[in-house]
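Summary of the model geometry
One letter stands for each residue in the lines below.
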Amino acid sequence: MAELSGKIVLITAAAQGIGRASVEAFVRAGAKVIATDINAAKLAELEGMAGVTTRILDVLSAEAVNRAVAEIGHIDVLFNCAGVVHSGTVLEMSDTDMDFALDLNVRAQIRTIKAVLPQMLERREGCIINMATVASSVKGVPNRAAYTISKAAVIGLTKSIAADYTTQGIRVNAIAPGTVDSPSLHERWHATGDFEAARKAFIARQPIGRIARPEEVADLAVYLAGATYTTGQVHIIDGGWTA
């Protein structure tokens, strides 16, 4: 486990799933965490946790993001965890779905990066971790057109920033999970009309024989925050799905 004592970590979508597990993992590593989310009720569950400050944040608003970063001040690590998954092929994909996928999965990361990057450049030190997925330029996944397109853009974003700023002390990497147990995944299983059949089908495609736990992805995020010689990379954590 990386030692991140005293580091300030800003995490988006921190109230549940991978974001929530990451809050806990970064705290265990000694970091001070700014946990942000638009879900006030779930975010409130983190209040009182040692080393954690909570803040409501709508990453779809550039004004809100800029204001939050200005008020927080020093940020050592930015973990862009917010995202959305749409179902459907390209023929079934609406313009509205594509626009929202790009806004939350890509532009929201751009907003936070543009807000945080100047202070990191001034110090010539900083770490940015972007949430991608293997359903991107890594692997085609059926019935995930808007999601795959937008997450491929996240990988392009990550590599672009690395190409521009690695020489100035900035490290940026993407995490590309396979299927991770989360409230949103359970919602998608329920939406099929047969939760148990959907769950079994998802597990069946995992060579490792199970769905990933959020804590496993969180541990990778903590590792990347302290991994001082990796940048511009897509770190796959998918139980062998793309092997």
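Everything discussed here concerns the structure shown above.
This section reports on the structure supplied with the text. Because the structure is predicted, anything quoted here is derived from the model rather than measured.

1. Quick word on the overall build of the protein
When you go through the protein residue by residue, the secondary structure sums to eight helices and seven strands. Projected onto the principal axes, the alpha-carbon positions of the protein cover approximately 50 × 40 × 35 Å. Taking all 243 residues of the protein together, the buried fraction comes to 49%. Long-range pairs, those at least 24 residues apart, make up 69% of the contacts in the protein with a sequence separation of at least 6. Carbon together with sulfur atoms contributes 54% to the accessible area of the protein, which is approximately 11,000 Å² in total. Once the 23 positive and 25 negative side-chain charges of the protein are each reduced to a mean point, those two points are 4 Å apart.

2. Brief notes about the packing of aromatic side chains
Centre-to-centre distance and the angle between the planes together describe a pair of aromatic rings. Tallied over the entire structure, the rule returns two aromatic pairs. An angle of 80 degrees between the planes, with centres 5.4 Å apart, marks the rings of tryptophan 189 and phenylalanine 195 as edge-to-face. Under the relative-accessibility criterion, tryptophan 189 is labelled buried at 3%. Between tryptophan 189 and phenylalanine 202, the ring centres sit 5.8 Å apart and the planes meet at 70 degrees, which makes this aromatic pair edge-to-face. Linking tryptophan 189 in helix H6 (residues 183–191) with phenylalanine 202 in helix H7 (residues 195–204), this pair joins segments that are 13 residues apart in sequence. Take tryptophan 189 and phenylalanine 202: they sit in the same class, and that class is buried. An aromatic cluster of three or more residues is present, and its members are Trp189, Phe195 and Phe202.

3. Looking at the pattern of salt bridges
Summed over the entire model, instances satisfying the criterion amount to eleven salt bridges. Among the ionic pairs, glutamate 125 bridges to lysine 7, the shortest N-O distance being 3.8 Å. Of this pair, glutamate 125 sits in the loop between helix H4 (95–123) and strand S5 (126–131) while lysine 7 is found in the segment before strand S1 (8–11), placing the two residues 118 residues apart along the sequence. Residue class for glutamate 125 comes out partly exposed when judged on its relative accessible area of 45%. Exposure remark for lysine 7: the relative accessible area of 28% places this residue in the partly exposed category. Here aspartate 103 and arginine 111 are joined by a salt bridge, their closest N and O atoms 2.5 Å apart. Here the two residues aspartate 103 and arginine 111 agree in accessibility, since each one is buried. Residues participating in the shared-partner salt-bridge network are Arg20, Glu24, Lys42 and Glu45.

4. Some words on the nonpolar core
The biggest cluster of nonpolar side chains holds 33 residues, and the ones touching the most others in it are Ile11, Val23, Phe26, Ala35, Phe79, Ile129 and Ile175. Breaking this core down by element, the ones donating at least two residues are S1, helix H1 (17–28), strand S2 (32–37), strand S4 (77–80), S5 and helix H8 (214–226). Sorting elements by how many residues they give to this core places H8 first, with seven residues. Ignoring anything within four residues of it in the chain, the contact list for isoleucine 11 reads Gly19, Ser22, Val23, Phe26, Val33, Ile34, Ala35, Thr36, Phe79 and Cys81. Listed in part, the 26 residues of the second largest apolar core include Ile8, Leu10, Val69 and Ala162.

5. A closer look at the packing of H4 against helix H5 (residues 145–165)
For the pair H4 and H5, the least separation of the axes is 8 Å and the interaxial angle reads 20 degrees. Relative to H5, the element H4 lies roughly parallel. For the element pair H4 and H5, the recorded crossing hand is right-handed. Contacts between H4 and H5 involve Asp97, Met98, Ala101, Leu102, Asn105, Val106, Gln109, Ile110, Ile113, Leu117 and Leu121 from the first element and Ala146, Tyr147, Ile149, Ser150, Lys151, Ala153, Val154, Leu157, Ile161 and Tyr165 from the second. In terms of residue class, the contact of H4 with H5 is built from 16 nonpolar, three polar and two charged.

6. Re the sheet that holds S2
Taken together, seven strands build an open sheet; the order of strands is S3-S2-S1-S4-S5-S6-S7 and the sheet is parallel. The open sheet has two edge strands, strand S3 (52–56) and strand S7 (234–237), and neither has a second partner. Shown here is a sheet whose adjacent strand axes are inclined to one another by a mean of 20 degrees, direction ignored. In this structure, S1 lies alongside S2, joined through four bridges in parallel fashion.

Conventions we followed
Residues numbered from 1 in each chain as written. Predicted model: local features only at pLDDT ≥ 70, side-chain atom pairs only at ≥ 80, totals over all residues. Heavy atoms only, no water. Helix = DSSP H or I, 4+ residues; strand = E, 2+ residues; numbered from the N terminus. Buried < 20%, exposed > 50% of the residue type's maximum accessible area, 1.4 Å probe, protein only. Contact = heavy atoms within 4.5 Å. Areas by Shrake-Rupley, 256 points an atom, 1.4 Å probe, with all protein chains shown as cover. Lys, Arg positive; Asp, Glu negative; His and termini not counted. Charge placed at Lys NZ, Arg CZ, Asp CG, Glu CD. Phe/Tyr/Trp six-rings, centres within 6.5 Å; stacked < 30°, edge-to-face > 60°. Salt bridge = Lys/Arg side-chain N within 4 Å of Asp/Glu carboxyl O. Core = buried A, V, L, I, M, F, W, Y, C linked by side-chain atoms within 4.5 Å. Axes fitted to C-alpha atoms, helices over the stretch in contact; angles between N-to-C directions. Parallel < 35°, antiparallel > 145°, perpendicular 65-115°, else oblique. Left-handed = near helix turned anticlockwise from the far one by under 90°. Nonpolar A, V, L, I, M, F, W, Y, C, P; charged D, E, K, R; others polar. Pairing = 2+ DSSP bridges.

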